[in-house]
Amino acid sequence: MKKPTQNGEKKGVFIRFLNAIEKLGNKLPDPFMIFVYLAIGVIIASFIFSLFNASVVHPGTGETLAIENLLSWGGLQYIITSMLTNFTGFAPLGTVLAIMLGIGLAEKVGLLEIAIRKTIMKAPASIVTYAIAFVGIMGNIASDAAQILIPPLAAMVFYKLGRHPLAGLAVGFASAGAGFTANLLIVGTDALLSGISTEAAAILDDTLIVTPADNWYFNIVSVFVMTIVAGLVTEKIIEPKLGKYEGTAVIDVSAEEHPKANKGLRNAALAALAYIAVLVLLIVLPGSSLRNEDGGMIPSPFLTGIVPIILGLFLVLGIAYGKTVGAIKNSGDAVGFMAESIKDMSGFIVLIFAASQFIAYFTWTNIGTWIAVNGAEFLTQINFTGIYLIVGYILFTASLNFLITSGSAKWALEAPVFIPLFMQLGYHPAFTQMAYRLGDSSTNIVTPLNPYFIVVLSFLKEYDKKAGMGTLISLMIPYTLSFLIVWIILFLIFFFTGLQYGPGITPYL
């Protein structure tokens, strides 16, 4: 009997490690109750902090922020009066439900199924995996919407190909979430972060400007490198771990093709082209309200309103196909299909009620700010030097993602501390910004505080009713570790070879 190879042993140990995480994670309470317990924990912590008159100086504004006590009269008043607005004002709620109106309509009338059958079923599995990874990474053009748009579609593709649907969901979520910072284009995230970086740099040098293109070269290379990484992790780790899918079929692959399916696809494509043509016309018209005041697209109302634009596209596709095949005979039919899609999201809506309260309490008490600022100050006191300090900073940001998931909010807290610090060491603010983005993106997919984590968990349960939070975390850990390690290596390659991170941007000022 042959002894297992060293590689096989390592692989086996790692798979057992992931299985142990899944088993442990699935013993956790229901996600709704987890957020209830976390909210209670914040309430208790705020009381303890208040006993010591704890406060923190916001590094951006210089304002002293006291830790607010939720057990005070003012705190209790906030809990009661903000409960509804915490829920209805929770940004991902509207994004998810709006997107699902369009996607749900397209799915219920059969468009997504037939489109997958026609375009992907015959493609080699390896190409499909890498294509999904590439689309997921590029999906940040649509901002956070990609994290709820791509995973369920990827799961359907894998299911259609006879592969495990959870592997498709995993690569879709991982590429869209962990690969969020990379893109071939300059997008809204670049403009948002560079603006914060410029303000932070002004603490020492008010003439230094960080532009949206300053990380562009690194991001372009990252798209292709991380596409390969995501594909390899999926095929070499995730699919072997999952094995053969034996769950209840979610999509009826044996269903006969509608006789008007081809005509429906053609009409849907024509309708989409017409929609896009009108959209392009609205953009290029002089004085277009979809462009910014300078006539540019970054940032612009077009990017800000990308979710309604995507919703409109899916509605056009679904209605065109549905009317052609007879699934939609009147407006009531379309409304009914959309209502069904929202019913499928009922569990998510209930969960969001608890999650929104916890996040609101965490923000209102300033506990999140206190942890972030004090953690950052502690890191600056460690005697790291040179590039090792930067790598430590990447890891620090990656870990901070478990407390503050908003990339822009976290950068607004970190930039005023770390950009001046690293400028004094001779590093360019855009270089520090790039380091931040790597850490921030890599752990997006393993923190339950990420609101889209909950969405993907609901998609996962459609294929495996017994799956829980531990299942999703165990699927995401290989991607997180791989993305973080490879990105740090790529970051160091750029650093030691003197490659530019963007036009004219090297590590040093």
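For the structure itself, consult the block above.
On a predicted model such as this, the values are computed, not experimentally measured, just so you know.

## Observations concerning the overall build of the chain
Then, in step 1: Scanning the chain from terminus to terminus reveals 21 helices and two strands.
Then, in step 2: Relative to its 509 residues, the chain shows a buried fraction of 52%.
Then, in step 3: Within the chain, contacts between residues at least 6 apart in sequence are counted, and of these 80% link residues at least 24 apart.
Then, in step 4: Total accessible area on the chain is roughly 23,000 Å²; 67% of this is exposed by carbon and sulfur atoms.

## Description of a nonpolar patch on the surface
Then, in step 1: On the surface, a cluster of nonpolar side chains totalling about 1,100 Å² of accessible area is made up of Tyr37, Ile40, Ile44, Phe47, Ile48, Leu51, Phe52, Leu71, Trp73 and Leu76.
Then, in step 2: Sorting the residues of the nonpolar patch by element identifies helix H2 (31–51) and helix H3 (73–88) as the ones contributing at least two each.
Then, in step 3: In terms of residues, the nonpolar patch owes the most to one element, H2, which gives six residues.
Then, in step 4: When you line up the elements, Leu76 lands in helix H3.
Then, in step 5: Relative accessible area serves as the criterion here: at 34%, Leu76 is assigned to the partly exposed category.

## A look at the environment of Gly322
Then, in step 1: Take Gly322: it is sitting in helix H13 (residues 306–325).
Then, in step 2: Here Gly322 falls in the buried class, since its relative accessible area comes to 0%.
Then, in step 3: In this structure the C-alpha to C-alpha distance between Gly322 and Val109, which are 213 residues apart in sequence, comes to 5.4 Å.
Then, in step 4: Excluding residues within four positions of it along the chain, Gly322 makes contact with Val109, Ala327 and Ile328.

## With respect to the pattern of salt bridges
Then, in step 1: All chains considered together, the criterion is met by two salt bridges.
Then, in step 2: Across the pair Arg437 and Asp190 runs a salt bridge whose closest N-O atoms are separated by 2.9 Å. Here Arg437 is found in helix H19 (residues 429–442), whereas its partner Asp190 is found in helix H9 (residues 188–201), with 247 residues between them in sequence.
Then, in step 3: Overall, Asp190 belongs to the buried group, its relative accessible area being 3%.

## A look at unusual backbone geometry
Then, in step 1: Even without glycine at this site, Asn53 takes up a positive phi of about 50 degrees.
Then, in step 2: Examined against the element boundaries, Asn53 turns out to sit in the loop between H2 and strand E1 (55–57).

## Digging into H19
Residues three or four positions apart in an α-helix share a direction because the helix packs 3.6 residues into each turn.
Then, in step 1: Look at H19: 20 Å from first C-alpha to last across 14 residues, which is about the 20 Å you get at 1.5 Å a residue.
Then, in step 2: The buried count for H19 comes to 14 of 14 residues, which makes it a mostly enclosed element.

## Brief notes about the side chain of Thr365
Then, in step 1: Looking at the element boundaries, Thr365 is found in the loop between helix H15 (346–364) and helix H16 (367–381).
Then, in step 2: Residue classification places Thr365 among the buried residues on the basis of a relative accessible area of 0%.
Then, in step 3: Leaving out residues up to four positions away in the same chain, Thr365 has contacts with Val42, Ser46, Ala66, Ile67, Glu68 and Leu70.

## Some points on the packing of helix H8 (residues 165–177) against helix H20 (residues 451–463)
Then, in step 1: Viewed as axis vectors pointing N to C, H8 and H20 meet at an angle of 165 degrees, and their least axial separation amounts to 10 Å. In this view, H8 runs roughly antiparallel relative to H20, as classed from their interaxial angle. Crossing angle aside, the handedness with which H8 passes H20 is right-handed. Where H8 abuts H20, its residues Pro165, Leu166, Leu169 and Phe173 lie against Tyr452, Phe453, Val456, Phe459, Leu460 and Tyr463.

## Points about the packing of aromatic side chains
Then, in step 1: Summed over the entire model, instances satisfying the criterion amount to 29 aromatic pairs.
Then, in step 2: Each ring, one from Phe495 and one from Phe496, has its centre 5.0 Å from the other, and the planes form 90 degrees; the classification is edge-to-face.
Then, in step 3: Of the residues examined, Phe495 reaches a relative accessible area of 11% and is grouped as buried.

## Considering the nonpolar core
Then, in step 1: With 146 residues, the main nonpolar core has Phe218, Leu472, Met476, Tyr479, Phe491 and Tyr501 as its most contacted residues.
Then, in step 2: Top contributing element to this core by residue count: helix H21 (residues 469–497), with 15 residues.
Then, in step 3: When sequence neighbours within four positions are dropped, the list of residues in contact with Leu472 reads Leu169, Phe173, Phe453, Val456, Leu457 and Leu460.

## Brief notes about the environment of Val280
Then, in step 1: Relative to the assigned elements, Val280 resides in helix H11 (residues 261–284).
Then, in step 2: The class of Val280 is partly exposed, set by a relative accessible area of 43%.
Then, in step 3: Each C-alpha atom of the pair Val280 and Leu290 lies 9.9 Å from the other, and the pair is ten residues apart in sequence.

## Examining the environment of His428
Then, in step 1: Among the structural elements, His428 can be located in the loop between helix H18 (407–424) and H19.
Then, in step 2: Spatially, the C-alpha atoms of His428 and Thr506 are 7.3 Å apart, while their sequence positions differ by 78 residues.
Then, in step 3: Look past the residues within four positions of His428 in its chain and what remains in contact with it is Leu208, Asp214, Ile505, Thr506, Pro507, Tyr508 and Leu509.
Then, in step 4: Within the structure, His428 has its side chain in polar contact with the backbone nitrogen of Ala430 (distance 3.0 Å).

## A few points about the packing of H2 against H15
Then, in step 1: The interhelical angle for the contact between H2 and H15, taken along N-to-C directions, is 20 degrees, at an axis separation of 8 Å. Taken together, the axes of H2 and H15 lie roughly parallel to each other. In this structure, H2 crosses over H15, and the sense of that crossing is left-handed. Facing H2, whose interface residues are Pro31, Phe32, Phe35, Val36, Leu38, Ala39, Val42 and Ile43, H15 presents Val350, Leu351, Ala354, Ala355, Phe358, Tyr361 and Phe362.
Then, in step 2: Partitioned by chemical class, the residues of the contact of H2 with H15 number 15 nonpolar, no polar and no charged.

What counts as what
Residues numbered from 1 in each chain as written. Predicted model: local features only at pLDDT ≥ 70, side-chain atom pairs only at ≥ 80, totals over all residues. Heavy atoms only, no water. Helix = DSSP H or I, 4+ residues; strand = E, 2+ residues; numbered from the N terminus. Buried < 20%, exposed > 50% of the residue type's maximum accessible area, 1.4 Å probe, protein only. Contact = heavy atoms within 4.5 Å. Areas by Shrake-Rupley, 256 points an atom, 1.4 Å probe, with all protein chains shown as cover. Patch = residues over 30% accessible without salt bridge, like charges linked within 9 Å, V, L, I, M, F, W, Y side chains within 5 Å. Salt bridge = Lys/Arg side-chain N within 4 Å of Asp/Glu carboxyl O. Expected span 1.5 Å × (residues − 1). Axes fitted to C-alpha atoms, helices over the stretch in contact; angles between N-to-C directions. Parallel < 35°, antiparallel > 145°, perpendicular 65-115°, else oblique. Left-handed = near helix turned anticlockwise from the far one by under 90°. Phe/Tyr/Trp six-rings, centres within 6.5 Å; stacked < 30°, edge-to-face > 60°. Core = buried A, V, L, I, M, F, W, Y, C linked by side-chain atoms within 4.5 Å. Polar contact = N/O pair within 3.5 Å; in protein donor to acceptor, adjacent residues only side chain to side chain. Nonpolar A, V, L, I, M, F, W, Y, C, P; charged D, E, K, R; others polar.

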